[in-house]
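A closer look at the structure
Listed here are the chains, written in short residue letters.
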Amino acid sequence: SQQGEEDPQALSIQEGENATMNCSYKTSINNLQWYRQNSGRGLVHLILIRSNEREKHSGRLRVTLDTSKKSSSLLITASRAADTASYFCATDSTNFGNEKLTFGTGTRLTIIP
Amino acid sequence: DVKVTQSSRYLVKRTGEKVFLECVQDMDHENMFWYRQDPGLGLRLIYFSYDVKMKEKGDIPEGYSVSREKKERFSLILESASTNQTSMYLCAAGGQLYGYTFGSGTRLTVV
């Protein structure tokens, strides 16, 4: 079952611009994570935000979380060609202590040089 | 640098074959996971394991089984491969504190 849904499905911007991707989810969560996937490769963990946090930064990444709206956003500032990838949000909804992540379908980001 | 290693990047198997996908982690994590990734469907959880010899079904376990005899190794087994199991398979290890580390993936084609 899909928990997170990313929006937009695809995004193309000029190098140097900021990129914003959104994620909505359905049930209560313990934390929300963002991952990047370069074409045909595995996923790379970018950032984790807990349900009691509202904002988190890591380098050029800024993540916000609004649990009342069940939504999160990932902002990449000053984009670079190397940021071209698919980005996924994943939610952790612990069930009887057995944690697992549920992923959305991703946003395909293209940075135009 | 911590790693999750999947034994094959590309694999081609025939319908009806028994297929083993191997995953090894060097991070001493209790939790390990198998996902499959298909265009338009994102990542879907097949099976996961919280400890040696323990396994839990994910969202799409039909046609698959798993084995976790040692903490570092989590194997996905396709009992009788079918063409609808052609997919990218991703193994992960990790937990709530630091997120998951993924392997590079195995692209399986069943012909």
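Here's a quick rundown of the structure.

Rules behind the numbers
- Along each chain, the written sequence defines residue order, and numbers are assigned to residues from 1.
- Labels are handed out in written order, letters beginning with A for the chains and numbers beginning with 1 for the ligands.
- Only residues with pLDDT of 70 or above have their local features reported here, since the model is predicted, and side-chain atom pairs are shown and tallied only from 80 upward, although totals for entire chains, interfaces and linings are computed over all residues.
- As a rule here, side-chain values cover all heavy atoms of the structure and leave hydrogens and water aside.
- Definition used for salt bridges: Asp or Glu carboxyl oxygen within 4 Å of a side-chain nitrogen of Lys or Arg.
- What counts as a helix is a DSSP run of H or I of at least four residues, what counts as a strand is a run of E of at least two, and both are numbered from the N terminus.
- Accessible area is worked out with a 1.4 Å probe on protein chains only. A residue is then buried under 20% of its type maximum, exposed over 50%, and partly exposed in between.
- Contacts: residue pairs with any heavy atoms within 4.5 Å of one another.
- Note on ring pairs: Phe, Tyr and Trp rings are taken, using the six-membered ring of Trp, and paired if centres are within 6.5 Å. Classes follow the plane angle, with under 30 degrees stacked, over 60 edge-to-face and the rest tilted.
- For the purposes of this analysis, a disulfide is any pair of cysteine sulfur atoms at a distance within 2.5 Å.

Examining the pattern of salt bridges
Within this structure, the stated rule accounts for 10 salt bridges over all chains. As a salt-bridge pair, Arg60(A) and Asp83(A) come within 2.9 Å of each other at their nearest N and O atoms. Residue Arg60(A) is found in the loop between strand 6 (55-58) and strand 7 (61-66), and its partner Asp83(A) is found in the loop between strand 8 (71-76) and strand 9 (85-92); the two are separated by 23 residues along the sequence. A relative accessible area of 22% means that Arg60(A) is categorised as partly exposed. Here Glu22(B) and Arg73(B) are joined by a salt bridge, their closest N and O atoms 3.9 Å apart. Within this pair, whereas Glu22(B) is found in the loop between strand 3 (19-21) and strand 4 (23-25), its partner Arg73(B) is found in strand 9 (residues 73-78), the two being separated by 51 residues in sequence. Overall, the relative accessible area of 23% leaves Glu22(B) in the partly exposed class. The exposure class of Arg73(B) is partly exposed, given its relative accessible area of 39%. Through salt bridges with shared partners, one network takes in Asp28(B), Glu30(B) and Lys71(B).

Observations concerning the environment of Ser79(A)
Residue and element names in this part refer to chain A. With respect to the helices and strands, the residue Ser79 is situated in the loop between strand 8 and strand 9. It is 9.5 Å that separates the C-alpha atoms of Ser79 and Ile112, two residues lying 33 residues apart in sequence. Among residues more than four places away in sequence, those in contact with Ser79 are Ile13, Gln14, Glu15, Gly16, Glu17, Arg60 and Ile111.

A word on the packing of aromatic side chains
For the structure on display, the rule yields 10 aromatic pairs over all chains. Pairing Phe33(B) with Tyr100(B) gives two aromatic rings, centres 4.4 Å apart and planes at 20°, and the pair type is stacked. Taken together, the residues Phe33(B) in strand 5 (residues 32-38) and Tyr100(B) in strand 11 (residues 99-102) connect sequence positions 67 residues apart. Exposure class is identical for Phe33(B) and Tyr100(B). Each is buried. Among the aromatic residues, those joined into a ring-pair cluster are Tyr35(A), Phe103(A), Phe33(B), Tyr35(B), Phe48(B), Tyr50(B), Tyr100(B) and Phe102(B).

Quick look at the state of the cysteines
Disulfides are covalent bonds that link the sulfur atoms of two cysteine residues. All told, the structure shown has 2 disulfides over all chains when counted by the stated rule. The partner cysteine of Cys23(A) in its disulfide is Cys89(A), sulfur to sulfur 2.0 Å. Here Cys23(A) and Cys89(A) share a disulfide; its torsion about the S-S bond, 65°, makes the bridge right-handed. With Cys23(A) in strand 3 (residues 19-24) and Cys89(A) in strand 9, this pair connects stretches of sequence that are 66 residues apart. According to the relative accessible area criterion, Cys23(A) is buried, its value standing at 2%. Bridging Cys23(B) to Cys91(B), the disulfide has an S-S length of 1.9 Å. Disulfide Cys23(B)-Cys91(B): the torsion about the S-S bond is -80°, which places it as left-handed. Of this pair, Cys23(B) sits in strand 4 while Cys91(B) sits in strand 10 (residues 87-95); the two residues are 68 residues apart in sequence, bridging distant segments of the chain. Across this residue pair, the class does not change: Cys23(B) and Cys91(B) are buried.

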